[in-house]
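Summary of structural features
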Amino acid sequence: MFTVDNPGETREQARIEARRRADAERRERLFNPKNGGKDLDALQAQIEEKRQREQQEREQLLLEAEEMNRQDKLLQLLEQRKQEDLRALRLQEAEYRKTHQQKHQRREYDLNDPMATRGGAPIRQGDDDPHLGPSSIQKFAGEDPDYDLRMKQQVEQQQAWARKQMDIQHQRRSEEAAIEHLQDLQMRERTQRELELQRAMDDARRDALAETREFNKCLAEEKRRQEQQARAQEEEDNRADQMAALNSDMLTQNPSTAYTESGRLITDRFRGFTPQQHAEIRQTQLAQVSEAEARKAEERALREAEERETMAAARHALLAERQAARARKEALRRASEENARMAEQHKLRQKQEREQARTTFAPEFFDQFQRSAR
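Turning our attention to the overall build of the protein chain. Across its full length, the protein chain carries 5 helices and 0 strands. Listing the helices and strands of the protein chain from first to last along the sequence gives α-α-α-α-α. Long-range contacts, defined as pairs at least 24 residues apart, comprise 62% of the intrachain contacts of the protein chain with a sequence gap of at least 6.

The following block contains the structure:
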């Protein structure tokens, strides 16, 4: 985890100090008779600031529109996948009901079978009917005229049962293979869609981060270039003012005639400043230059701190996204293992049912024996 200090109080204090310095500079420019009472630099700065703010607002609107379009496409893809999964689940459910939940396959179907009475035994089933006793004079001990026919029918019935069981087992194996193949296809298709969606999200996020980084870099470069130009212009102006003051003709004249006895300045007799006043002005100028350099160094340090904070936040977001991606992959892996385990249990249960079906006979099969004395 990255620990980022809260620089809110420091930035607020720096903004207050910068505002105070800007107000002092503005008052100095307004009271300067060269500007005619107008703050030209402030007006130009306001125009430039307004232009930059409008450009940033336009770029921010474009970024928000792109993000909204990407979110809409992502939601559409998720909704489409949800509808496809729901449709496939309903088809599987309908196919399973059609195949394994028919009316005649119920356990209690023999109680509600409408053909049970029609398929029952008649009142008399020939001479070998067990309901006919000695008093009926229809059956005598030792007689079995239908033995060959009965044995032939038993053999044919056993063969029919065997063929029927083989057909049922073959049909069941075919249905199970088809269901397993369909499940494998659906699982493979779902995994492919999820991978494609995750890849598209990662690409979009990577592109957005790259564009933001490039935009911030361009802004920082433009601001740095403007500051360098302003610094160079200010130094050039200072040097020009110094040279003009040093080479002026007023320095060779007596400045004492420009002042009254009370120290009041006579404007029409003013010929320039005294050496002491020049020294004070020079000290003031040097102090202003030092203050300007200190302010620029402070602003540069603040800008670098903000850039470091931005980069740290971007790294933190990237690490969090990678961790979320690993968690999603782990969830997919667990889901795949769980599906494989359930499929193995399903196969084992089906194998047990097939073994039980081969080794288990209906009670009617045993009731056909020991019906006579022979």
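Let's pick the thread back up.
Overall, the coordinates contain 25 salt bridges when judged by the stated rule. The salt bridge involving Arg20 is made with Glu17; its shortest N-O contact spans 3.6 Å. In this pair, Arg20 and Glu17 are both assigned in helix H1 (residues 8-30), 3 residues apart and thus about one turn of the helix distant. Overall, the relative accessible area of 54% leaves Arg20 in the exposed class. Here Glu17 falls in the partly exposed class, since its relative accessible area comes to 31%. Ionic pairing is found between Asp85 and Arg193, a salt bridge with its closest N-O pair at 3.3 Å. Taken together, the positions of Asp85 in helix H2 (residues 40-100) and Arg193 in helix H3 (residues 147-246) put the pair 108 residues apart, joining distant regions of the chain. Among the residues examined, Asp85 registers a relative accessible area of 25% and is labelled partly exposed. Because the salt bridges share partners, they merge into one network encompassing Glu84, Asp85, Glu189, Arg190 and Arg193.

Confidence along the protein chain averages 80 in pLDDT terms, with 76% of residues attaining 70 or more. For the protein chain, per-element mean pLDDT is lowest for helix H5 (residues 363-367), which scores 67, and highest for H2, which scores 89.

Another point: the side chain of Arg303. The residue Arg303 is located in helix H4 (residues 275-359) in this model. At a separation of 3.4 Å, a polar atom in the side chain of Arg303 contacts the side chain of Glu227. The contacts of Arg303, once residues within four sequence positions are left out, are Lys223 and Glu227.

Another aspect to go through is the environment of Gln102. Following the sequence through the fold, Gln102 ends up in the loop between H2 and H3. A polar side-chain atom of Gln102 sits 2.8 Å from the main-chain carbonyl oxygen of Lys98.

The rules we used
- Residues numbered from 1 in each chain as written.
- Predicted model: local features only at pLDDT ≥ 70, side-chain atom pairs only at ≥ 80, totals over all residues.
- Heavy atoms only, no water.
- Helix = DSSP H or I, 4+ residues; strand = E, 2+ residues; numbered from the N terminus.
- Contact = heavy atoms within 4.5 Å.
- Salt bridge = Lys/Arg side-chain N within 4 Å of Asp/Glu carboxyl O.
- Buried < 20%, exposed > 50% of the residue type's maximum accessible area, 1.4 Å probe, protein only.
- pLDDT = per-residue confidence, 0-100.
- Polar contact = N/O pair within 3.5 Å; in protein donor to acceptor, adjacent residues only side chain to side chain.

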